[in-house]
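Inside the fold
One-letter residues, chain by chain:
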There are 2 protein chains.
Amino acid sequence: MGRQRPGTPTLEEVAALAGVGRGTVSRVINNAAGVKDSTRRAVQRAIAELGYVPNLAARSLAGRRADAVALVMTEPDWRKFGEPFFSEVVRAVGDALADTKVQLLLTLVRTDADRRRFVEYARGGRVDGVLLMSVHAEDTLPDMLADAGLPTVMLGRRSADESVTYVDADNAGGARSAVTHLLSHGRSVIATITGPLDMYVARCRLRGYREALKRAGIGIRPAWVVEGDFTEESGRRAMAEIIEREPEVDAVLAASDSMAVGALDVLRAAGRRVPEDVAVIGFDDFLRTQHTSPRLTTVRQPLEEIGRTMVRLLLEQMEDSAVAWRHVILRTELVLRDSA
Amino acid sequence: MGRQRPGTPTLEEVAALAGVGRGTVSRVINNAAGVKDSTRRAVQRAIAELGYVPNLAARSLAGRRADAVALVMTEPDWRKFGEPFFSEVVRAVGDALADTKVQLLLTLVRTDADRRRFVEYARGGRVDGVLLMSVHAEDTLPDMLADAGLPTVMLGRRSADESVTYVDADNAGGARSAVTHLLSHGRSVIATITGPLDMYVARCRLRGYREALKRAGIGIRPAWVVEGDFTEESGRRAMAEIIEREPEVDAVLAASDSMAVGALDVLRAAGRRVPEDVAVIGFDDFLRTQHTSPRLTTVRQPLEEIGRTMVRLLLEQMEDSAVAWRHVILRTELVLRDSA
DNA sequence: CTGAAAGCGCTAACAT
DNA sequence: ATGTTAGCGCTTTCAG
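Everything numeric in this text was worked out from a predicted model, so none of it was measured.

Turning our attention to the sheet that holds strand β7 (residues 225-227) of chain B. Within a sheet, adjacent strands bond to each other through the backbone by hydrogen bonds, running parallel or antiparallel. Residue and element names in this part refer to chain B. With parallel pairing, the four strands of this open sheet are ordered in space as β7-β6-β8-β9. Looking along the sheet, the strands with just one partner apiece sit at the ends: β7 and β9 (280-281). Both strand β6 (residues 190-194) and strand β8 (residues 251-254) contribute to a ladder of four bridges, which runs parallel. The residue bridging threonine 192 from the neighbouring strand is leucine 253, located in β8. Of the strands in this sheet, β6, β8 and β9 are in contact with helix α8 (residues 171-184), which crosses β8 at around 170°. Each of β6, β7 and β8 is contacted by helix α10 (residues 232-245), which is oriented at about 150° to β6, the strand it contacts most.

A word on the sheet that holds strand β7 (residues 225-227) of chain A. Residue and element names in this part refer to chain A. Reading across from one edge, β7-β6-β8-β9 is the order of the four strands in this open sheet, with parallel pairing throughout. Edge strands, defined here as strands with exactly one partner in the open sheet, are β7 and β9 (280-281). Strand contacts of helix α8 (residues 171-184): β6 (190-194), β8 (251-254) and β9, with the helix running at about 170° to β8, the strand carrying the most contacts. Against the sheet, helix α9 (residues 200-215) contacts β6, β7 and β8, and its axis sits at roughly 165° relative to β6.

This next bit is on the protein's contact with DNA strand D. Within the structure, DNA strand D sits among 27 residues, and Leu11 and Tyr52 of chain A together with Gly21, Lys36 and Thr39 of chain B are positioned closest to it. Within the backbone of leucine 11 of chain A, an N or O atom sits 2.4 Å from a phosphate oxygen of DNA strand D. At 2.5 Å, a side-chain N or O of threonine 39 of chain B approaches a phosphate oxygen of DNA strand D. Within the residue set of the surface near DNA strand D, elements represented by two or more residues are α2 (22-29) and α4 (56-61) of chain A together with α2 (22-29) of chain B. In terms of residue class, the surface near DNA strand D is built from nine nonpolar, eleven polar and seven charged.

With that out of the way, let us pick up the packing of helix α5 (residues 84-96) of chain B against helix α13 (residues 303-319) of chain B. Residues and elements named next belong to chain B. Two elements in contact, α5 and α13, have axes whose closest approach is 8 Å; the angle formed by their N-to-C orientations is 50°. Relative to α13, α5 is oriented oblique. The element α5 and its partner α13 pack so that their crossing is right-handed. For the pair formed by α5 and α13, the contact residues are Phe85, Glu88, Val89, Arg91, Ala92, Val93, Asp95 and Ala96 on the first element and Leu303, Glu304, Gly307, Arg308 and Val311 on the second. Of the residues contributing to the contact of α5 with α13, the split by class is seven nonpolar, one polar and five charged.

How each quantity is defined
- Residues numbered from 1 in each chain as written.
- Chains lettered and ligands numbered in written order.
- Predicted model: local features only at pLDDT ≥ 70, side-chain atom pairs only at ≥ 80, totals over all residues.
- Heavy atoms only, no water.
- Pairing = 2+ DSSP bridges.
- Helix = DSSP H or I, 4+ residues; strand = E, 2+ residues; numbered from the N terminus.
- Contact = heavy atoms within 4.5 Å.
- Axes fitted to C-alpha atoms, helices over the stretch in contact; angles between N-to-C directions.
- Near = heavy atom within 4 Å.
- Polar contact = N/O pair within 3.5 Å; in protein donor to acceptor, adjacent residues only side chain to side chain.
- Nonpolar A, V, L, I, M, F, W, Y, C, P; charged D, E, K, R; others polar.
- Parallel < 35°, antiparallel > 145°, perpendicular 65-115°, else oblique.
- Left-handed = near helix turned anticlockwise from the far one by under 90°.

Function-wise, these values are silent; they only describe arrangement.
What follows is the structure, given as structure tokens:
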């Protein structure tokens, strides 16, 4: 069994070589003030000579932070892991953490065994905080972590009255403004491909869609609403179904960029002129639809800002464990790129 | 700063409550043999009552493993992170680790700052071993880790004489057999979309392609070889270039599934009948091309087996740090799904 | 400004 | 079978 190799130099040996006490070496390592410059240099030389690397277990134990946070994706379906949405979140969070000394650890939690293992890991103090993404409505992992007193921040929420700190986009508002925009451009048979409806985010987007049509006095027919799961493949299936059941459809609101890509595929295959006949709207920031069809109307989620905000809230919780539960809802941005 | 909340019960308190010594509690926690059943139960009750969770830093420090391994993706271009290839590897490795107590930590290393931070993390003993994927030829991270005595296993290698333990597929052989197959089915103007040529894996696949054509006595024209970077988008660009420079092309070897998908897009847009006119070959296991075009010839990498093997080699190194450097090269499988 | 000393919570070796 | 003890390597008072 591994661990730091035996023979790894310790702080004590560094101290001996530098001819100082352990405390001094510790101060130098941690860039603490109050060390004579010459002493500091001597210690640094010793560190270099010995190739000393601090033992992180000892450091954690001795009472500080773990200097690491986890970014957890709880998703039974590992395929979703490849969705651009996740790489975007990872990047945004990574960027927000770039010039800290905090190590970002990605973790995939698929099964209950994974869940248990991770909770032990986190509660065991290997991370100072946890960021969660893609949480389904019935998932209790966030509570398990938050109840254990771990700083925890979710991307999105599980329900209207989420009890764990979260950052979310204005999903209903985004969907509403998109549909309103479509209506104002003469579309009237507007379908939607939703996300998985066990996720609050998907429900909100659907609600926004409903509200916009209702305000316009348009009755929604059942065939207009098809559930997807955020993946491209589900977008394909959903779009095929919509076309079949409602050939008159002249606009579609897709609840994710990937689904929009799939939908566009099908539309093209069906010989529809896209986006002249049909408008598609994606929600992600990294818009693959940009490449496919550069003239769509999109609702941009501010992923960059979401990542930054999540990290900020987490760090604040870490600094001061007295901070109360909080939530932040960020505005989405309607980007008009359609041909109308 | 965070860490395990103050007030967290310790092993000592559990021992007190259960009316036993610390050693006994430790044994129970670690499922060690030699504890009377009644005692064990008493301890477990105390653990439950107190909500005790072992402090992992203390455990690591006291001389065991960290019970965690890192799966590192060194890739400056974060977009690649979303490639299905990576989610597949993550899944395969995750599966291989599923019923161990080892926590899998994914880490993204993009910048040199990331690299430094991760090396400190790993050398600091927070993980017992490191798995690396997508390593570019000039990357020294594997050496830094291996030289530090950390069990390290790479997926693929950086050059012909790799010095770090690795698991690889028979890339040249796979490419060769694919091209040979195409030749035997009457194709003769065979182009290839390579991976980034600063990666050995891409070079090998290109070499296999070259060898097959050479054996058939066919001279390769410069326009037949276009470099991609494994992404779908690069496949699109490359295919467009090939069609333009060599309209007679009647088969294409794509060095990745994603690039094949992009290439197929372009071929369709160009009005080619796929795969009647053009055959495309992907290398990944999770074949998106399956959905797009179910009748292609593909070279399947045994990703499942690669993941299992990497984990096995890593665990072996962790058990016994005396094990020498090793490498394993796995066979690829030619899957014929073309119409010929 | 710097050295010495007291733990952090656990495992493992040694007693009993 | 179980209690006791000696550290693991570091941070952090507390003296000096």
